[in-house]
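# Structural features, examined
What follows is the residue order along each chain.
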Amino acid sequence: MTHWLARLTLNPRCEQARRDATGPDSPVHLHRRVMSLYPDDAGPDPRARFGVLYRAEETPAGVHLIIQSNHKPDPGRLPTDYGTLTTTSLDPLLDALAPGRHIHYRCVASAVRKPGATTRAAYNLPAVVPLKGTAAAEWWMRQAEKTGINAHTAQHEPLDPVDSPRPGNERRAQRIRHNRTRFEGTATITDPDLLRTRIIEGIGRGKPYGCGLLSIAPARRPV
């Protein structure tokens, strides 16, 4: 199965693109726009079927979406003048993963912990506790180890949270909040097979709303 990596550059002069990229409902709009690039009638969970992950990035030229999937996205399904979609195969990068190879990485993720029932009852905690600051950074280092990389450097930057509707309920009061942190740095690959799996499957919660996509690129050997 071929895996694809696409970049969708939104046209800032397009009203639909501006609506999708801004405002409190932007995560929902972007999710729907990304999924519109794939065939209809894909079953109850088209995101999982097509392995879709994406991340929104602010650039001097405007908003870009980095989109990964196992089905090639169709630019013909975009509205007129919405933006420019370029797509390339991700397979050469996945095939080149090897132990000891040095990489740059970037991932926007929703760092959380899930307290046990006893701890929740004792401290009146929710089932899922969002992590920030040092706790989020420590979460990422644990994830890196589970991802098959040894992180040499790790910067973390909090991003605005995103709200997603609970299944079957579009009301704002019934939404789920995903705190987000951008993690990036350099690492050495320790387990190529595990890393390949984590790139394809994504990391953490909130995948339909721009979290979980792990991007890597070759890096020089650390000094």
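The paragraphs below set out a description of the structure included in this document. As a convention, each chain's residues are numbered from 1 in the sequence order in which they are written. Only residues with pLDDT of at least 70 get local features here, since the model is predicted, and only at 80 or more are side-chain atom pairs given and counted; chain-wide, interface and lining totals rely on the full set of residues. Think of the side-chain values as coming from all heavy atoms in the structure, minus any hydrogens and water.

On to the overall build of the protein, then. Looking only at helices and strands, the protein has 7 helices and 11 strands in total. Restricting the calculation to C-alpha atoms gives the radius of gyration, and the globule rule supplies 2.2 Å times the number of residues raised to the power 0.38. Here the C-alpha radius of gyration of the protein, 18 Å, is about what a compact globule of 223 residues would show, namely 17 Å. Excluding contacts between residues fewer than 6 apart, the proportion of contacts in the protein whose partners are at least 24 apart in sequence is 71%. Accessible area of the protein: about 12,100 Å², with a carbon and sulfur share of 50%. This count recognises Lys and Arg as positive and Asp and Glu as negative, with His and chain-terminal groups excluded. Charge positions are represented by NZ for Lys, CZ for Arg, CG for Asp and CD for Glu. Mean positive and mean negative side-chain charge positions of the protein (32 and 22 charges, respectively) differ by 4 Å. The numbering of helices and of strands both runs from the N terminus, where a helix is a DSSP run of H or I of at least 4 residues and a strand a run of E of at least 2. Here, two residues are considered to be in contact whenever any of their heavy atoms come within 4.5 Å of each other. Values of accessible area rely on a 1.4 Å probe in the Shrake-Rupley scheme; residue burial ignores everything except the protein chains shown.

Contact geometry for helix α6 (residues 133-147) and helix α7 (residues 192-201): axes closest at 8 Å, N-to-C directions at 120 degrees. Contacts between α6 and α7 involve Gln143, Glu145, Lys146 and Thr147 on the former and, on the latter, Leu194, Leu195 and Arg198. In terms of residue class, the contact of α6 with α7 is built from 2 nonpolar, 2 polar and 3 charged. Angles here are taken between N-to-C directions and fall from 0 to 180 degrees, while the axes themselves are lines fitted to C-alpha atoms, restricted in helices to the stretch in contact. Classification used: nonpolar for Ala, Val, Leu, Ile, Met, Phe, Trp, Tyr, Cys and Pro, charged for Asp, Glu, Lys and Arg, polar for all others including Gly.

In this section: the sheet that holds strand β1 (residues 4-10). Strand pairing within a sheet occurs via backbone hydrogen bonds; the two strands may be parallel or antiparallel. The criterion for strand pairing is that DSSP finds at least two bridges linking the strands in question. One open sheet accounts for 4 strands, arranged β2-β3-β1-β4; its pairing is antiparallel. Each edge of the open sheet carries a strand with a single partner, namely β2 (53-59) and β4 (83-89). Shown here is a sheet whose adjacent strand axes are inclined to one another by a mean of 20 degrees, direction ignored.

This next bit is on α7. Burial in α7 covers these residues: Pro192, Leu195, Arg198 and Ile199. Seen end-on, α7 carries its buried residues on one side only, within an arc spanning 130 degrees. Exposed positions of α7 whose direction lies more than 90 degrees from the buried face are Asp193 and Glu201. Within 3.5 Å is the distance limit for a polar contact, defined as a pair of N or O atoms, with the added protein rule that one can donate a hydrogen and the other accept it, and that residues adjacent in sequence qualify only through two side-chain atoms. N-cap assignment for α7: the residue whose side-chain oxygen lies 3.2 Å from the backbone N of aspartate 193 is aspartate 191. Positive phi appears at glycine 202, one or two residues downstream of α7, with a value of about 85 degrees. Each residue gets one of three labels from its accessible area relative to the maximum for its type: buried under 20%, exposed over 50%, partly exposed in between, using a 1.4 Å probe on protein chains only. Throughout, the arc means that of the directions going from the helix axis to the C-beta atoms.

Along the chain, arginine 47 falls in helix α3 (residues 46-49). No salt bridge is formed by the buried arginine 47; its nearest oppositely charged neighbour, aspartate 45, is found at 4.8 Å. Once residues lying within four places of it in the same chain are set aside, the contact partners of arginine 47 are Met35, Val52, Leu53, Lys207 and Pro208. Any carboxyl oxygen of Asp or Glu that lies within 4 Å of a side-chain nitrogen of Lys or Arg is treated as forming a salt bridge with it.

Moving on: the pattern of salt bridges. Scanning the entire structure with this criterion turns up 9 salt bridges. Between arginine 33 and aspartate 20 there is a salt bridge; the shortest N-O distance is 2.8 Å. Here arginine 33 is found in helix α2 (residues 26-35), whereas its partner aspartate 20 is found in helix α1 (residues 15-21), with 13 residues between them in sequence. Each of the two residues, arginine 33 as well as aspartate 20, counts as buried. In this structure, the salt-bridge partner of glutamate 184 is arginine 182, at a minimum N-O distance of 3.8 Å. Residue classification places glutamate 184 among the partly exposed positions, given a relative accessible area of 24%. Here the salt bridges share partners, and the residues they tie into one network are Arg55, Glu57, Arg106, Glu157, Arg182 and Glu184.

Glancing now at the pairing of strand β3 (residues 62-69). Along β3, 7 of the 8 residues are buried, which leaves the element largely enclosed by surrounding structure. Where β1 lies against β3, 6 bridges are found, and the strand directions are antiparallel. Directly across from threonine 9, in β3, lies its bridge partner histidine 64. Here β2 pairs with β3 via 7 bridges, running antiparallel. Its bridge partner lying in β3, arginine 55 is registered against isoleucine 66.

With respect to the helices and strands, the residue proline 158 is situated in strand β9 (residues 155-165). Classification of proline 158 by relative accessible area gives exposed; the value is 64%. Remark: the alpha-carbon pair of proline 158 and arginine 180, spanning 22 residues in sequence, is separated by 6.2 Å. When neighbours within four sequence positions are excluded, proline 158 is seen to be in contact with Arg180 and Thr181.

What is shown is where atoms sit, not what they do.
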